[in-house]
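# Inside the fold
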Amino acid sequence: MNCNRVKDSLHSYLAGEIEGLEKLLIEEHLKKCNVCKEELDQIKTMKILLKGCRENVLASQSFAIKIMANIDLERYHISQKKAVYNLKNIGVSLVCAGIMLFMLSSNLQVFMDSPKAMSFIDKSVIQISGRIMELDGITGRIENKLYGGLKDEL
Amino acid sequence: MEKLKDEEIIALILKGKTQLYAELVLRYQNKLFSTIYNYTHDFEETRDLGQEIFIKVYNNLHKYNNKASFSTWLYRIAVNSCIDWTRKKRLTTVSTFETDENEEIAILEHISDSTFSPEDILLKEEHKTVLKEMIMDLPEIYKTAVILYYYEDFSPREISDILNIPKKTIDSRLYRAKDILKSKIINMEYGGGAFEL
Ligand SMILES: [Zn+2]
């Protein structure tokens, strides 16, 4: 193993991240090469020096409580997500059923030519699409609330 | 009760048991606070950044995959917040890091490596303050590598995962950081005898 390769591995070696044959080769090299041994010693020195500078800071006792008060606990409520999904589905199904019932109960062939009948159909369609929009609005708002992320105040 | 693994807790949170997030906060709050404090040296900033990070982590929990350990993933978010903080801070305050890097290399070349050995290290309180200031004044890329490697005991591989930067780059940053610090320490030793190495 050459010096450059050993030098590149020294931080990892000291972190215990190198194993097996590579580790053996590095250790063999370090026994023979003073330059690399010097490098390793410097990293070790730095570790001792800097470790002594690290400050331990404790979070306040109420920190976790504060975090819990500031996160959206509903964010990952799968059961409610399903409920919203079902509500949306039921809504769409009801609208579909309405259209089908309307189509079955009216004899479209007869009414088609009459302008009065056409305006009635138009009105119904508008009404139905209005209801779909309304449903989307409700579920959209619920979903926004569920997945809307951050509360403002920290 | 057997202690749940981080990953098990996350799975439960994602199934709706969101109250369990408190357990993750309790597990990591002190470690994270220490890292942030050693990064900022400011208690208020530490508290604010800590809060910001834990809320961000919660809001992104569904994006966590088990590829990396939770602690690596948490640190990825935390370190990015610290780096952002450093950049914002540097924009609003005058950086104390005004040293010419070339000058430092020159100093290094003229100083014998034998003066820097692990034996007979005596680190007095006032030396610690000077050293801490040296780390604070490092350019951000070195400072981050130093804090993660020397303070938090992450390996170069883990640091590369946290920063999403090739391991080779981390290795060279760690070398460069070590050499900058070494030259400053030795320089100080010759200048005022602050360290007994
Ligand atoms: Zn060598």
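A brief structural summary. The shown structure was predicted, so the numbers you read here are calculated from the model rather than taken from an experiment.

The rules we used
The numbering scheme is per chain: residues are counted from 1 as the chain's sequence reads. Chain labels run from A onward and ligand labels from 1 onward, assigned in the order the entries are written. Whole-chain, interface and lining totals are the exception, using all residues; otherwise, since this is a predicted model, local features are given only for residues with pLDDT of at least 70 and side-chain atom pairs are given and counted only at 80 or more. Where side-chain values are given, they derive from all heavy atoms of the structure, hydrogens and water being excluded. By definition, any uninterrupted DSSP run of H or I lasting at least four residues is a helix, any uninterrupted run of E lasting at least two residues is a strand, and each is numbered from the N terminus. Here, residues are in contact when the closest pair of their heavy atoms is within 4.5 Å. Computed with a 1.4 Å probe, the accessible areas rest on the Shrake-Rupley method; for each residue, only the protein chains presented here act as cover. In this listing, donors mean N, O and S atoms no farther than 2.8 Å from the metal, or 3.2 Å for Na, K and Ca; water is missing from the atoms, so a site can look incomplete. Throughout this description, buried means an accessible area under 20% of the type-specific maximum (1.4 Å probe, protein chains only), exposed means over 50%, and partly exposed covers the range between. An expected span of 1.5 Å times one less than the residue number is assigned to each helix. Counting of polar contacts relies on pairs of N or O atoms within 3.5 Å, with two restrictions inside protein: one atom must be capable of donating a hydrogen and the other of accepting it, and residues adjacent in sequence are counted only when both atoms are side-chain atoms. Side-chain rings of Phe, Tyr and Trp, where Trp is taken by its six-membered ring, are said to pair if the distance between their centres is within 6.5 Å; with planes under 30 degrees apart they count as stacked, over 60 as edge-to-face, and otherwise as tilted. Accessible area that two parts lose when put together, evaluated with a 1.4 Å probe and summed over both, is termed the buried area. Any carboxyl oxygen of Asp or Glu that lies within 4 Å of a side-chain nitrogen of Lys or Arg is treated as forming a salt bridge with it. Each residue is assigned to one class: nonpolar for Ala, Val, Leu, Ile, Met, Phe, Trp, Tyr, Cys and Pro, charged for Asp, Glu, Lys and Arg, and polar for all the others, Gly among them.

All right, on to the overall build of chain A then. Across its full length, chain A holds 7 helices and 0 strands. Overall, chain A shows an N-to-C arrangement of helices and strands of α-α-α-α-α-α-α. A fraction of 66% describes how many contacts in chain A between residues 6 or more apart in sequence connect residues 24 or more apart. Carbon and sulfur atoms provide 60% of the accessible area of chain A, an area that totals close to 10,400 Å².

All names here are of chain A. In this structure, Cys3 (SG), His29 (NE2), Cys33 (SG) and Cys36 (SG) serve as the protein donors to the zinc ion, at separations of 2.1 to 2.3 Å. All donors of the zinc ion belong to a single chain; written as a sequence motif, their spacing is C-x25-H-x3-C-x2-C. Taken individually, His29 and Cys33 each receive the classification buried, so the pair is uniform in this respect.

Moving on: helix 1 (residues 3–14) of chain A. Residue and element names in this part refer to chain A. If you check helix 1, its first and last C-alpha atoms are 16 Å apart, about what 12 residues at 1.5 Å a residue would give, namely 16 Å. Along helix 1, the positions that sit buried rather than exposed are Val6, Ser9, Leu10, His11, Ser12 and Tyr13. Looking one or two places after helix 1, you find Gly16, whose phi comes out positive at around 75°.

Spanning 17 residues, helix 3 (residues 43–59) of chain B covers 24 Å between terminal C-alpha atoms, matching the ideal 24 Å at 1.5 Å per step. Where helix 3 of chain B is concerned, the buried positions are Thr46(B), Leu49(B), Gly50(B), Gln51(B), Ile53(B), Phe54(B), Ile55(B), Val57(B), Tyr58(B) and Asn59(B). Looking at the buried positions of helix 3 of chain B, the neighbouring elements they touch are helix 4 (63–70) of chain A together with helix 1 (6–14), helix 2 (21–40) and helix 4 (70–92) of chain B. A side-chain oxygen of the first residue of helix 3 of chain B lies 3.0 Å from the backbone nitrogen of Glu44(B); this N-cap is Asp42(B).

Residues and elements named next belong to chain B. This structure, assessed with the given rule, holds 11 aromatic pairs over all chains. With centroids separated by 6.0 Å and ring planes inclined at 85°, the aromatic side chains of Tyr64 and Phe70 adopt a geometry described as edge-to-face. Each member of the pair Tyr64 and Phe70 is classed as buried. Seen in terms of ring centroids, Phe70 and Trp73 are 6.1 Å apart; in terms of plane orientation they differ by 40°. Their pairing is tilted. With Phe70 and Trp73 both in helix 4 and 3 residues apart, the pair spans about one turn of that helix. For the residue pair Phe70 and Trp73, the accessibility class agrees, reading buried in each case.

Time to look at unusual backbone geometry. Residue and element names in this part refer to chain B. The phi dihedral of Asp153 falls on the positive side, at around 60°, and the residue is not glycine. By the element assignment, Asp153 lies in the loop between helix 7 (140–151) and helix 8 (156–163). When its relative accessible area of 44% is taken as the criterion, Asp153 is described as partly exposed. The residue Asn164 is not glycine, and still its phi comes out positive at about 55°. By the secondary structure assignment, Asn164 is in the loop between helix 8 and helix 9 (167–192).

The interface of chain B with chain A comprises 61 residues on the first partner and 44 residues on the second. Sorting the residues of chain B by area buried against chain A places Gln51(B), Tyr150(B) and Tyr175(B) first, and these three jointly supply 15% of that buried surface. At the junction of chain B and chain A, the tally comes to 5 salt bridges. When the shortest N-O distance is used, the salt bridge between Arg54(A) and Glu152(B) registers 3.1 Å. Our count for the chain B to chain A interface comes out at 28 residue pairs in polar contact (both at pLDDT 80 or more). Elements that contribute at least two residues to the side of chain B that touches chain A include exactly helix 1, helix 2, helix 3, helix 6 (125–136), helix 7, helix 8 and helix 9 of chain B. Ranked by residues supplied to the side of chain B that touches chain A, first place goes to helix 2 of chain B with 11 residues. Here the residues of the side of chain B that touches chain A are counted per class, giving 29 nonpolar, 16 polar and 16 charged.

Structurally, the position occupied by Glu158(B) is in helix 8. Note on Glu158(B): relative accessible area 31%, which makes it partly exposed. Here the alpha-carbon distance between Glu158(B) and Ile170(B), two residues 12 residues apart in the chain, equals 9.9 Å. Discounting residues that sit within four places of it in the chain, Glu158(B) has contacts with Glu17(A), Thr72(B) and Asp153(B).

Now for the side chain of Gln29(B). Positionally, Gln29(B) belongs in helix 2. Residues within four places of Gln29(B) in sequence aside, it is in contact with Ala59(A), Phe63(A), Ala64(A) and Phe54(B).

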